[in-house]
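Here are the chains, one letter per residue:
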Amino acid sequence: MNPEHDYGTFESDQRIVAHSRYFAGLMGSYFFVRLRDEQKIVGARCEKCNKVFWPPRSTCGRCFSVLSLENLTEIGPLGTLETFTIVKYREPVHPRKAPFVYGIIKLDGADTSMVHFVDGVDFQKLAPGMRLRPVFANKRNGNILDIDHFEPLDSY
Amino acid sequence: MKSAKDNVELISIPMVVDVPYRFAAGKYMTRFLTELRDNGKFYGIRCPLCNRVQLPPRIVCAVCHVKNSDWIELGNEGTLVGFTIMYLPLTDPTTGKPHEPPFAYGSVRLDGSDSVIDHFLNVEPVVEHIRIGMRMKVALKEREDRVGDLGDILHFDPVT
Amino acid sequence: MRKNVAIIGGGQTHHAARRHDVNQVELVNEAVRAALADAQMTIDEIDSVLFGNMEFFEGCHMTDCWLVDGSGAYGKPGLKITTGGTVGATIVGAGVHHVASGLFNKALCVGFEKQEEGDTGAILSGVAHPLFGRSLAGAAVGYFAMMATSYMAAWGAKEEHSAMVAVKARQNARKNEYAHLKLDISIQDALNSRMLSYPIRMLDMCPASNGACAMILADEKTARDRCAKPVWIRAMDTAHNEQFELDWRDVTTKKPIFSRVSASRLYRKLGVDDPSKYFDVFEIYEPATWAEMVWYEDLALCRPGDGFKLVENNMTAIDGPIPVNPSGGVLSTNCIGASAMLRIWEAALQIRGDAGGHQVVSKDIRRALATAYGGTNWTVLTALSGTMDD
Ligand SMILES: [Zn+2]
Ligand SMILES: [Zn+2]
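Owing to the predicted nature of the structure, the values given are computational and were not obtained by experimental measurement.

Definitions and limits used
Residues numbered from 1 in each chain as written. Chains lettered and ligands numbered in written order. Predicted model: local features only at pLDDT ≥ 70, side-chain atom pairs only at ≥ 80, totals over all residues. Heavy atoms only, no water. Donors = N, O, S within 2.8 Å, 3.2 Å for Na, K, Ca; no water. Tetrahedral: all angles 85-135°; square planar, octahedral: opposite > 155°, others 65-115°. Helix = DSSP H or I, 4+ residues; strand = E, 2+ residues; numbered from the N terminus. Contact = heavy atoms within 4.5 Å. Buried area = accessible area lost by both parts, 1.4 Å probe. Salt bridge = Lys/Arg side-chain N within 4 Å of Asp/Glu carboxyl O. Pairing = 2+ DSSP bridges. Axes fitted to C-alpha atoms, helices over the stretch in contact; angles between N-to-C directions. Polar contact = N/O pair within 3.5 Å; in protein donor to acceptor, adjacent residues only side chain to side chain. Nonpolar A, V, L, I, M, F, W, Y, C, P; charged D, E, K, R; others polar. Buried < 20%, exposed > 50% of the residue type's maximum accessible area, 1.4 Å probe, protein only. Phe/Tyr/Trp six-rings, centres within 6.5 Å; stacked < 30°, edge-to-face > 60°. pLDDT = per-residue confidence, 0-100. Parallel < 35°, antiparallel > 145°, perpendicular 65-115°, else oblique. Left-handed = near helix turned anticlockwise from the far one by under 90°.

**Details of the coordination of the zinc ion (ligand 1)**
Each pair of donors in an ideal octahedron of six around a metal sits at 90 or 180 degrees, and each pair in an ideal tetrahedron of four sits at 109.5 degrees.
Residue and element names in this part refer to chain A.
Now for step 1: Bound to the zinc ion (ligand 1) on the protein side are Cys46 (SG), Cys49 (SG), Cys60 (SG) and Cys63 (SG), at distances that span 2.2 to 2.3 Å.
Now for step 2: In this structure, the zinc ion (ligand 1) is coordinated by four donor atoms arranged in tetrahedral fashion, with angles at the metal of 102 to 116°.
Now for step 3: Summarised as a motif, the one-chain spacing of the donors to the zinc ion (ligand 1) is C-x2-C-x10-C-x2-C. Of the two residues, Cys46 is situated in strand E2 (residues 41–46) and Cys60 in the loop between strand E3 (51–53) and strand E4 (72–75); the sequence distance between them amounts to 14 residues.

See below:
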């Protein structure tokens with residue numbers, strides 16, 4: 001071996017593929033079943049904090065109260081756009097081709113918001129405070145894309 | 001009285017995370033892998049303090065915390081120090097292809113090295129045919145099939 | 001330790017192969033609520049939450065963030081820790097250091113794994129070097145199998161000795177209401193179980209469990225004021241092995257490998273002469289039967305090469321002179337991120353006399369040693385006692 005030899009750089013392209021299965025738990029399961037079967041959206045109310053959380057959960061993070069199925073309450077379906085972004089670049093990990101809109105949407109009756117797509121809207125007219133309604137998927141499988149997207153209420 | 005809420009269908013959602021990455025071997029591993037790929041040679045690196053010949057070569061001796069710089073060409077024979085016969089179909093995570101069980105797998109210390117290499121053993125996967133202390137010899141893939149990976153070793157053959 | 005630190009409460013889930021009824025937050029919350037109840041404390045009294053699991057084993061990154069409601073960490077300072085198989089003990093180590101430093105008086109430590117959710121094979125392959133072993137990455141069973149053949153060749157142990165460890169673990173687990181594999185098995189059952197990777201059979205390996213463990217650590221004043229039976233952390237030690245070197249599987253190696261280094265340092269700190277007499281019970285991290293016999297030797301409970309004789313002579317049985325893993329150990333329950341913490345918690349329960357069906361009753365339990373190790377080739381040891389005089 002010649003110690004003066006320049007070995008240059010050595011890089012290798014690889015990938016790791018990992019499969020997993022997320023279990024929604026009791027409160028999460030109830031949310032997905034109601035969404036899939038009835039096109040209803042539920043949150044969980046903490047009586048002590050007087051807050052309604054989405055997604056529904058078994059412990060109130062703020063006061064550590066136990067929340068159960070009795071605390072579930074219907075929220076929405078209408079909501080208000082709190083903030084948004086227009087995604088203009090493409091990434092393999094993106095669920096859609098750019099351009100598309102991600103909105104942070106607070107459903108009526110909820111104190112926390114969800115992220116979802118906002119479609120059917122003129123990008124120029126996007127603004128916090130815009131009223132939105134969910135459009136449910138025709139084929140629903142019990143996941144968050146059972147809401148296909150949100151769209152502005154005013155166009156209807 | 002039982003309500004509908006007592007019998008909630010339990011929901012689970014399958015997910016796949018597929019992460020591409022580009023790994024940079026670094027100076028020491030680059031030299032080691034290039035020599036293996038291009039010339040079929042194994043180089044270890046010797047620590048100037050404890051004299052351990054480490055494989056694969058690395059910049060620092062973890063025990064002495066000094067810089068390693070003494071490259072040592074190793075032979076292609078060694079001694080078996082541990083083995084197993086694998087009955088599980090293990091998948092090569094980099095290709096997704098399974099290694100068909102049962103197969104013999106072992107740990108070999110190349111002559112002149114203080115480290116071991118784990119690899120397939122080209123012996124019948126029967127306990128009686130494998131013995132700790134037996135002499136083994138590296139079988140490399142053909143030059144054109146070598147890419148600079150431990151997988152450039154095909155397996156270890158018993159020295160007869 | 002500059003300042004004394006005690007375990008003032010703890011709790012665990014009923015560990016199982018399937019927990020479809022809970023998500024990760026809910027699983028963790030079961031252990032956290034059990035620990036708070038045990039310590040008679042509310043979450044508001046906790047100063048800091050230290051949290052951990054195996055990286056990406058559930059297909060989720062940043063579990064400290066996603067599981068914050070269940071862990072009780074909302075709005076509190078804390079850390080996520082992920083150090084492979086040792087993680088449960090490393091979390092405790094971080095908690096001990098935080099309390100010993102005086103920064104916090106009450107630290108909640110939480111470890112969990114919901115193994116059914118993820119792809120452990122794929123994620124573990126990511127532990128191997130991308131160009132030096134990843135393409136050949138096998139399961140953990142292969143590593144232990146090579147340690148086993150080395151052990152058998154060097155010391156003359158037989159598959160029967162492994163079966164004895166397998167039976168001891170599962171029979172002890174039957175006494176532990178929280179254990180996962182409560183199997184009424186015989187040595188013949190173990191020897192007849194399916195071969196996975198010679199000489200390791202199905203019953204020689206740990207299961208994949210879902211479960212969580214939580215413990216509350218406190219400073220001396222809080223411990224004495226608030227807890228009837230504090231268990232004192234007397235010493236901890238951590239040692240790392242070096243990258244690439246698999247010599248820990250070669251039982252004849254003369255190199256001072258990580259577990260032996262760690263043990264000798266810990267014994268020196270405590271002035272331990274004969275650990276088999278100094279400690280009254282051991283909770284060790286044994287994902288495979290053979291690892292238990294190697295631990296006996298690395299911990300100097302016997303001479304090198306005599307580990308299998310300890311189990312052959314029932315020395316480490318729950319009613320033996322050196323009880324090891326009365327809980328059933330990792331061989332009976334392996335929710336990895338919780339497993340090393342469970343060793344410490346089970347050791348604490350033994351000292352408190354609160355282990356229930358698997359309490360060691362053949363002797364007074366004053367001191368205990370808990371061990372952990374992981375695929376990152378490091379060791380964490382924790383020594384516990386019931387009083388500061390022991
Ligand atoms: Zn609340
Ligand atoms: Zn050195």
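Next comes the rest of the account.
**A word on the interface of chain A and chain C**
Now for step 1: With 23 residues of chain A in contact, the opposing surface of chain C contributes 31 residues.
Now for step 2: Carbon and sulfur atoms make up 57% of the surface buried where chain A meets chain C, a total of about 2,000 Å² over both sides.
Now for step 3: When the buried surface of chain A facing chain C is broken down by residue, Ile16, Phe23 and Phe64 of chain A rank first, second and third, together holding 34% of it.
Now for step 4: Inspection of the chain A/chain C interface yields one salt bridge.
Now for step 5: Here Asp69 of chain C ties to Arg57 of chain A by a salt bridge, and the two come within 3.3 Å at their closest N and O atoms.

**Considerations on the sheet that holds E2 of chain A**
All names here are of chain A.
Now for step 1: Read across the sheet, three strands follow the order E3-E2-E4 without closing on themselves; strand pairing throughout is antiparallel. Looking at which strands have only one partner, the edges of the open sheet turn out to be E3 and E4. When strand polarity is set aside, the average angle formed by the axes of neighbouring strands in this sheet is 45°.

**Regarding the sheet that holds strand E3 (residues 53–54) of chain B**
All names here are of chain B.
Now for step 1: Pairing is antiparallel across the open sheet formed by three strands, whose spatial order is E3-E2-E4. A strand with exactly one partner marks an edge of an open sheet, and here the two such strands are E3 and strand E4 (70–74).
Now for step 2: Where helix H1 (residues 26–39) meets the sheet, its contacts fall on strand E2 (42–46) and E4, and the angle it forms with E2 comes to roughly 150°.

**Notes on the interface of chain C and chain B**
Now for step 1: Each side of the interface is counted separately: chain C has 36 residues, and chain B has 47 residues.
Now for step 2: Contact between chain C and chain B buries roughly 3,300 Å² in total, counting both sides, with carbon and sulfur atoms accounting for 66%.
Now for step 3: Summed over the three residues of chain C that lose the most area to chain B, namely Leu131, Phe132 and Leu136 of chain C, the buried surface amounts to 22% of that side.
Now for step 4: Our enumeration of links across chain C and chain B arrives at five salt bridges.
Now for step 5: Linking chain C to chain B there are 13 residue pairs in polar contact (both at pLDDT 80 or more).
Now for step 6: Contributing elements (two or more residues each) for the side of chain C that touches chain B: helix H6 (140–155) and strand E5 (195–197) of chain C.
Now for step 7: The dominant element in the side of chain C that touches chain B, judged by the number of residues it contributes, is H6 of chain C, at seven residues.
Now for step 8: Here the residues of the side of chain C that touches chain B sort into 16 nonpolar, twelve polar and eight charged.

**Notes on the pattern of salt bridges**
Now for step 1: The final tally for this structure, using the stated rule, is 42 salt bridges over all chains.
Now for step 2: In this structure, Glu151 of chain A and Arg133 of chain A form a salt bridge, with 3.2 Å as the shortest nitrogen-oxygen distance. Residue Glu151 of chain A is found in strand E9 (residues 147–152), and its partner Arg133 of chain A is found in strand E8 (residues 131–136); the two are separated by 18 residues along the sequence.
Now for step 3: The exposure class assigned to Glu151 of chain A is buried, which follows from its relative accessible area of 8%.
Now for step 4: Lys221 of chain C is paired through a salt bridge with Asp225 of chain C; the nearest N and O atoms lie 2.7 Å apart. You can see Lys221 of chain C and its partner Asp225 of chain C sitting in helix H9 (residues 220–226), four residues apart, about one turn around the helix.

**Some points on the packing of aromatic side chains**
Now for step 1: Using the criterion set out here, one finds 27 aromatic pairs over all chains in the structure.
Now for step 2: When the ring of Tyr102 of chain A is compared with that of Phe117 of chain A, the centres are 5.6 Å apart and the planes differ by 20°; the resulting orientation is stacked. Note that Tyr102 of chain A is positioned in strand E6 (residues 100–107) and Phe117 of chain A in strand E7 (residues 114–117), a separation of 15 residues in sequence.
Now for step 3: Note on Trp248 of chain C and Tyr373 of chain C: the rings are 6.4 Å apart at their centroids and 65° apart in plane angle, and the pair reads as edge-to-face.

**What about the confidence of the model for chain C?**
Now for step 1: Per-chain confidence: chain C averages 95 in pLDDT, with 98% of residues scoring 70 or above.
Now for step 2: In the predicted assembly, ipTM is 0.92 and pTM is 0.96.

**Comments concerning the coordination of the zinc ion (ligand 2)**
All names here are of chain B.
Now for step 1: Surrounding the zinc ion (ligand 2) are the protein donor atoms Cys47 (SG), Cys50 (SG), Cys61 (SG) and Cys64 (SG), at 2.3 Å.
Now for step 2: Geometry at the zinc ion (ligand 2) is tetrahedral, judged from the four donor atoms that bind it and their angles of 104 to 112° at the metal.
Now for step 3: Each donor residue of the zinc ion (ligand 2) lies on one chain, and together they are spaced C-x2-C-x10-C-x2-C.
Now for step 4: For Cys64, a relative accessible area of 23% corresponds to the partly exposed category.

**Overview of the pairing of E6 of chain A**
All names here are of chain A.
Now for step 1: Pairing between strand E5 (residues 79–87) and E6: eight bridges, direction antiparallel. Bridging across to E6, Thr85 finds its partner in Tyr102.
Now for step 2: The sheet contact formed by E6 and E7 spans four bridges and is antiparallel. Along E7, the bridge assignment pairs Gly103 with His116.
Now for step 3: Here E6 folds back onto E7 in antiparallel fashion, the turn holding six residues, of which Gly109 has a positive phi close to 90°.

**With respect to the packing of helix H7 (residues 159–173) of chain C against helix H12 (residues 289–298) of chain C**
When two helices pack together, their arrangement is captured by the angle between the axes and the distance separating the axes.
Residues and elements named next belong to chain C.
Now for step 1: Two numbers describe how H7 lies on H12: the axes approach to 8 Å, and their chain directions differ by 95°. Considered as vectors, H7 and H12 are oriented roughly perpendicular to each other. Along its contact with H7, which presents Glu159, His161, Ser162, Val165, Ala166 and Lys168, the element H12 presents Thr289, Trp290, Glu292, Met293 and Tyr296.
Now for step 2: A class-by-class count of the residues in the contact of H7 with H12 yields five nonpolar, three polar and three charged.

**Points about the packing of H6 of chain C against H12 of chain C**
Residue and element names in this part refer to chain C.
Now for step 1: Their axes nearest at 9 Å, the elements H6 and H12 cross at an angle of 55°. On the basis of the axis angle, H6 is oblique to H12. Of the two elements, H6 crosses H12, and the hand of that crossing is left-handed. For the pair H6 and H12, the contacting residues are Phe144, Met147, Ala148, Tyr151, Met152 and Trp155 in the first and Trp290, Ala291, Met293, Val294 and Glu297 in the second.
Now for step 2: When the residues that make up the contact of H6 with H12 are grouped by side-chain class, the tally is ten nonpolar, no polar and one charged.

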